[in-house]
Amino acid sequence: MTVGGPPAASPSRSRFRRPRVRSVLLAILVLASLGGVALAVTLLLVADPLRDGKSALERGRSALASGNLDRAVVSFGEARDAFARADDATSGPLWHVASWVPILGRNADVARRLAVAGSDLTEAGTRLTNAAAALPEGFGSLSPQHGIVPVDTIGSLADDLAAASDLADRATTELHEAPDYLLLPPVEDGRMLAIDAADQAAETLAVARSFADALPSFLGAEGPRRYFFGAQNPSELRGTAGLLGAFAIATMDDGRISFSSFQPTQSLRDSPPNAIPDPNPDYRANYDQYGGAGDWQSLNMTPDFPSAARAIESSYELVTGERIDGVILADPFALRDLLEVTGSTEVPQLGVKITADNVVPFVTNEAYDLFRTGAERKEVLGAVASGVFSRFLSDEGRGISRVRALVDAASGGHLLIYSNDPAMRTAVEDAGVSGALAAPPGDALSVVVNSGSGSKIDYYADRSIDYAVVLEPSGAASATTTVTIDNTAPDSGLPAYVIGPFPGVGKAGENISLVNVYCAPGCEGYAPEQNGEPVPVRVGSELGFPWYQDFPTIPSGESAAFSLRTALTGVWEGDASSGTYRLTFLGQPTIRPTTLRVSLTVPPGMHVTTTSVPMKISGRTAVWQGQPGRRITIEASFEAPLTTRIWRSLTDWLG
């Protein structure tokens, strides 16, 4: 027997650890492989139903908007069935296997949420379709007839709109809570498209819900309401659209709408600027030098319609001693929208027939050559507005086209409404038709012209705007804005009332304009030029938006180009892997539609992936060109190459 000596060697821990590590790694690989197979099968099974559901949902929405309720019922039924099949595919054992695997499970989760959100949106559409089907003429039952807007019918939709709005909100919440990184490209694209569609539906339904709640009171359901109704003439530009040429008082009593006789605004006495409360904190500094809030020819130089409306209310009460409940302004394009529904109308006091084709040129130009006396000219705009609105309100026919005509006029900035009722004011703001100088976070641009010629010369102005923005790291950007005005007015052959000269101002045919470029809050402008030469500008701000003002005189047959460079901060969101840029352009109604060109260049190493409006994309640059109307939002998403994004996402996830 041997005593002592070293103890027998114990097995090394590493010899036992290696098999266990290999087993764990093997198990992970097997699980990942099974999860990958399960995910692939699940996505294949769910892809077709989701695609079918999306298409059917879009068909249903389109049919509902056009008033084709039978087609809407069928389409929403098809969407319901398709999303149910997708939900079944994301509830089986294969989906559960895929959901257990890290990273891969995120994609399965998104697929399930797409099916759930689609079902909610379908149910919202079905609820609205059933509500419309219960009305005698569908949503066309909401249009005015015999001078009366059906207040009770509008109120009857409140509950259904509230339910549909809640369903759409639930769908957006479902999608926004879905995983947003480490997703397969098809899944990521599907999620983004679904979010855009759901957000739009939720916003639309929220606005409709607000109007259903607010319109009865606005229309006098709780007692008569009186509104200042003004007719604007864009052939002499003002910030809200055009010179206030005529006005009437519109009375609304339990849905019945009536107008007093139209009168020229010159019949209202002007007041000193300091006699009127400030319409906004910056109004006095910006506009008192031109007459301010008490001057009926100048009080709507501001592009912020709520401010102009408050000036109108205060001035009218001071001059007449009468209180009003709000302000409504319409321009000739609003009259055109209504005439496209009603057909032509006679204006007996003028002895003319007004149609959708001739109303704009007639009231903004031709009438001034036809009627040479001041009294006749002052009667034109009011007489035509009275005839068109009376015809529209008194027509017996109903139809969704009549409702759409009012919506189109408001969305184009041609029918502006300001109410002292907070609920109605909120509804108008939520709909984006308040005419306010306001924009959501991101980049913003507005170009506003006020006529300084004292004539109707803006009828002959062609205006184009070029906005070239280059995105820089950390949300910053630099931009160049160029505003070009071509003056095509003749310098003879027309009355001085049309082409000038206004006594003591310029020459015949000259366009004299105050051109204001508004940029996003916090922007800094520099290097202003007119026709390529440095030019001094006036600088100010309104409601948080800095502005830079040029004051060109443009002879007949010539043009002027004003350019301004700006440095911007916080106009895009994202990181080194991806980002989103949003531009809100606030337009100004003009006789000849303004042309806007937007050129966006994203940061180096990125490329543009999606845009909210069709844009011509070439690598880092995307370009949009068109006629923007009163308001347009352009949103572009961009990202680094896929391998770069995956590496950065994986690094962040591990960290």
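About the criteria used
Residues numbered from 1 in each chain as written. Predicted model: local features only at pLDDT ≥ 70, side-chain atom pairs only at ≥ 80, totals over all residues. Heavy atoms only, no water. Helix = DSSP H or I, 4+ residues; strand = E, 2+ residues; numbered from the N terminus. Polar contact = N/O pair within 3.5 Å; in protein donor to acceptor, adjacent residues only side chain to side chain. Disulfide = S-S within 2.5 Å. Buried < 20%, exposed > 50% of the residue type's maximum accessible area, 1.4 Å probe, protein only. Axes fitted to C-alpha atoms, helices over the stretch in contact; angles between N-to-C directions. Parallel < 35°, antiparallel > 145°, perpendicular 65-115°, else oblique. Left-handed = near helix turned anticlockwise from the far one by under 90°. Contact = heavy atoms within 4.5 Å. Nonpolar A, V, L, I, M, F, W, Y, C, P; charged D, E, K, R; others polar. Pairing = 2+ DSSP bridges. Salt bridge = Lys/Arg side-chain N within 4 Å of Asp/Glu carboxyl O. Expected span 1.5 Å × (residues − 1). Arc of directions from axis to C-beta. Phe/Tyr/Trp six-rings, centres within 6.5 Å; stacked < 30°, edge-to-face > 60°. Lys NZ or Arg CZ within 6 Å of the ring centre and 35° of its normal.

1. Considering the side chain of serine 315
Next up, step 1: Checked against the element boundaries, serine 315 lands in helix H9 (residues 305-320).
Next up, step 2: Reaching out from serine 315, the side chain makes a polar contact with the backbone oxygen of alanine 311 at a distance of 2.9 Å.

2. Overview of the state of the cysteines
Next up, step 1: Per the counting criterion, the structure on display carries one disulfide.
Next up, step 2: The disulfide partner of cysteine 519 is cysteine 523, and the S-S distance across this bridge is 1.7 Å. When sorted by exposure, cysteine 519 lands in the same class as cysteine 523, which is buried.

3. Overview of the packing of helix H6 (residues 158-176) against helix H7 (residues 185-218)
Next up, step 1: Relative orientation of the contacting elements H6 and H7 amounts to 155 degrees, with a least axis distance of 8 Å. For the element pair H6 / H7, the angle class is roughly antiparallel. Handedness of the H6/H7 crossing: left-handed.

4. Some details on the packing of helix H10 (residues 332-342) against helix H11 (residues 359-370)
Next up, step 1: It is the contact of H10 with H11, at a shortest axis distance of 8 Å, that shows an interaxial angle of 150 degrees. As summarised for this structure, H10 and H11 are arranged roughly antiparallel, according to the angle between their axes. Crossing angle aside, the handedness with which H10 passes H11 is right-handed. Note on element contacts: H11 touches H10 through Val359, Val360, Val363 and Thr364, opposite Pro332, Phe333, Leu335, Arg336 and Leu339.
Next up, step 2: Class assignment of the residues belonging to the contact of H10 with H11 gives a composition of seven nonpolar, one polar and one charged.

5. What to know about the sheet that holds strand E14 (residues 524-530)
Next up, step 1: Read from one edge of the open sheet, eight strands run E15-E14-E19-E12-E11-E22-E25-E24, paired in mixed fashion. Here the strands that pair on one side only, and so sit at the sheet edges, are strand E15 (533-534) and strand E24 (616-618).
Next up, step 2: Judged from the seven bridges that link them, strand E11 (residues 461-471) and strand E22 (residues 595-601) form a sheet pairing that is parallel. Across the sheet, the residue bridging to alanine 468 is serine 599, located in E22.

6. Focus: unusual backbone geometry
Next up, step 1: With an omega dihedral of 5 degrees, the bond running from glycine 500 to proline 501 counts as a cis peptide bond.
Next up, step 2: At aspartate 254, a position not held by glycine, the phi torsion is positive, near 50 degrees.
Next up, step 3: Among the secondary structure elements, aspartate 254 is positioned in the loop between strand E3 (241-253) and strand E4 (256-259).
Next up, step 4: Positioned with a positive phi, serine 474 is a non-glycine residue whose angle comes to about 65 degrees.

7. With respect to the pattern of salt bridges
Next up, step 1: Within the structure shown, the criterion is met by 19 salt bridges.
Next up, step 2: Across the pair arginine 113 and glutamate 174 runs a salt bridge, and its minimum N-O distance is 3.2 Å. Of this pair, arginine 113 sits in helix H4 (residues 104-133) while glutamate 174 sits in helix H6; the two residues are 61 residues apart in sequence, bridging distant segments of the chain. For the pair formed by arginine 113 and glutamate 174, the shared burial category is buried.
Next up, step 3: Each of Arg59, Arg71 and Glu78 takes part in a single network of salt bridges with overlapping partners.

8. Concerning H10
Next up, step 1: Most of H10 is tucked away, with eight of its eleven residues classed as buried.
Next up, step 2: For H10, the complete set of buried residues consists of Pro332, Phe333, Ala334, Leu335, Asp337, Leu338, Leu339 and Thr342.
Next up, step 3: The residue sitting at the N-terminus of H10 and contributing the capping side-chain oxygen is aspartate 331; that oxygen lies 2.9 Å from the backbone nitrogen of phenylalanine 333.
Next up, step 4: Phi for glycine 343, located one or two positions after H10, is positive at around 85 degrees.

9. Overview of helix H13 (residues 400-411)
Next up, step 1: The terminal C-alpha atoms of H13, which comprises twelve residues, lie 16 Å apart, in line with the 16 Å expected from a rise of 1.5 Å per residue.
Next up, step 2: When we look at burial in H13, the residues that qualify are Arg402, Ala405, Ala409 and Ala410. End-on, the buried residues of H13 take up no more than an arc of 125 degrees, which puts them together on one face.
Next up, step 3: One or two positions beyond H13, positive phi appears at glycine 413, with a value near 80 degrees.

10. Concerning the pairing of strand E16 (residues 538-542)
Next up, step 1: Relative to strand E17 (residues 545-550), E16 is paired through five bridges, and the arrangement is antiparallel. Across the sheet, glutamate 542 pairs through a bridge with phenylalanine 545, a residue of E17.

11. Topic: the environment of proline 179
Next up, step 1: Following the sequence through the fold, proline 179 ends up in the loop between H6 and H7.
Next up, step 2: The spacing of proline 179 and arginine 191 is twelve residues in sequence and 9.3 Å in space, taken between C-alpha atoms.
Next up, step 3: Those residues in contact with proline 179, other than ones at most four positions away along the chain, are Arg106, Asp109, Val110, Arg113 and Arg191.

12. Re the packing of aromatic side chains
Next up, step 1: Overall, the coordinates contain 14 aromatic pairs when judged by the stated rule.
Next up, step 2: Where phenylalanine 259 meets phenylalanine 262, the ring centres are 6.2 Å apart and the plane angle is 25 degrees; that geometry is what we call stacked.
Next up, step 3: The class of phenylalanine 262 is buried, set by a relative accessible area of 18%.
Next up, step 4: Between phenylalanine 259 and phenylalanine 389 the ring centres are 6.1 Å apart and the planes differ by 55 degrees, which places this aromatic pair in the tilted class. Of this pair, phenylalanine 259 sits in strand E4 while phenylalanine 389 is found in helix H12 (residues 374-394), placing the two residues 130 residues apart along the sequence.
Next up, step 5: Aromatic ring contacts, followed pair by pair, group Phe228, Phe247, Trp296 and Tyr316 into a single cluster.
Next up, step 6: Cation over ring: arginine 402 sits above phenylalanine 392, and NZ or CZ is 4.6 Å from the ring centre.
Next up, step 7: Over the ring of tyrosine 368 we find lysine 456, and its NZ or CZ is 5.8 Å from the ring centre.

13. Quick look at the environment of valine 448
Next up, step 1: Relative to the helices and strands, valine 448 resides in strand E10 (residues 443-451).
Next up, step 2: With 146 residues separating them along the chain, valine 448 and threonine 302 place their C-alpha atoms 8.8 Å apart.
Next up, step 3: Discounting chain neighbours no more than four positions away, the residues touching valine 448 are Gly239, Pro303, Leu514, Val515, Asn516, Tyr518 and Gln588.

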